[in-house]
Amino acid sequence: MSTHTEFLAGERPEDVLFFLHEDAVSNPGALAEYADAVGDGHVLVLPGDDGRSAFQSATGIDPMALAQEAMDTEGDVHDDLTGGACPAAGEGETHGTRFVFAFAEEQNEDVGGIYADGDVIHAYAVCECGQRYSDKWVAGETDD
């Protein structure tokens, strides 16, 4: 099982995951040793602090600042964390996702809501248009 699959299942709560679109990376070949190639980009799953630092180095965006900015705008991040549907896109428009940063929060019945149902994936996306948006769901559950 890949680290990507383990993360999506909620089995890596100490790690962070990030997706980088191929157009957002100047040298995608440099990621080959560390990342899983997916569709139109790369996914990296790294230990918390190392992952946050690597995301910031790769994108120039502080992941915690991204989370603060993105949480004000709900959107639809794909269940596999490799893209999303930008809430700023007009009807019939398609916007590409440049980056996704995600972490899992372990189940916490005291908090209630979806946090009582299992580990929660928090995902923050940056669209090619600049829009930043967020999504969250219980790990292992999909919209399908």
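None of the values given here were measured: they were computed from a predicted structure.

Undergrad: How do you make sense of helix H3 (residues 63-70) when you look at a structure like this?
TA: Each α-helix winds once per 3.6 residues, and so residues spaced three or four apart point in a common direction. Those residues of H3 lying buried are Pro63, Leu66, Ala67 and Ala70. Take H3 and look down its axis: the buried residues cluster within an arc of 100°, on one side only. Where H3 begins, the capping side chain belongs to Asp62, and its oxygen is found 2.7 Å from the backbone nitrogen of Met64.

Undergrad: Which parts of the structure should I look at to understand the pattern of salt bridges?
TA: Oppositely charged side chains are able to pair whenever their charged atoms sit close together. Under the defined criterion, the tally for this structure stands at four salt bridges. Of the charged contacts in the structure, one is a salt bridge between Asp15 and Arg12, with a shortest N-O distance of 2.7 Å. Given a relative accessible area of 4%, Asp15 falls into the buried group. For the salt bridge of Asp49 with Arg52, the shortest nitrogen-to-oxygen distance reads 2.5 Å. Separated by three residues within a single helix, Asp49 and Arg52 lie in helix H2 (residues 48-59), roughly one turn from each other.

Parameters and conventions
- Residues numbered from 1 in each chain as written.
- Predicted model: local features only at pLDDT ≥ 70, side-chain atom pairs only at ≥ 80, totals over all residues.
- Heavy atoms only, no water.
- Buried < 20%, exposed > 50% of the residue type's maximum accessible area, 1.4 Å probe, protein only.
- Helix = DSSP H or I, 4+ residues; strand = E, 2+ residues; numbered from the N terminus.
- Arc of directions from axis to C-beta.
- Polar contact = N/O pair within 3.5 Å; in protein donor to acceptor, adjacent residues only side chain to side chain.
- Salt bridge = Lys/Arg side-chain N within 4 Å of Asp/Glu carboxyl O.

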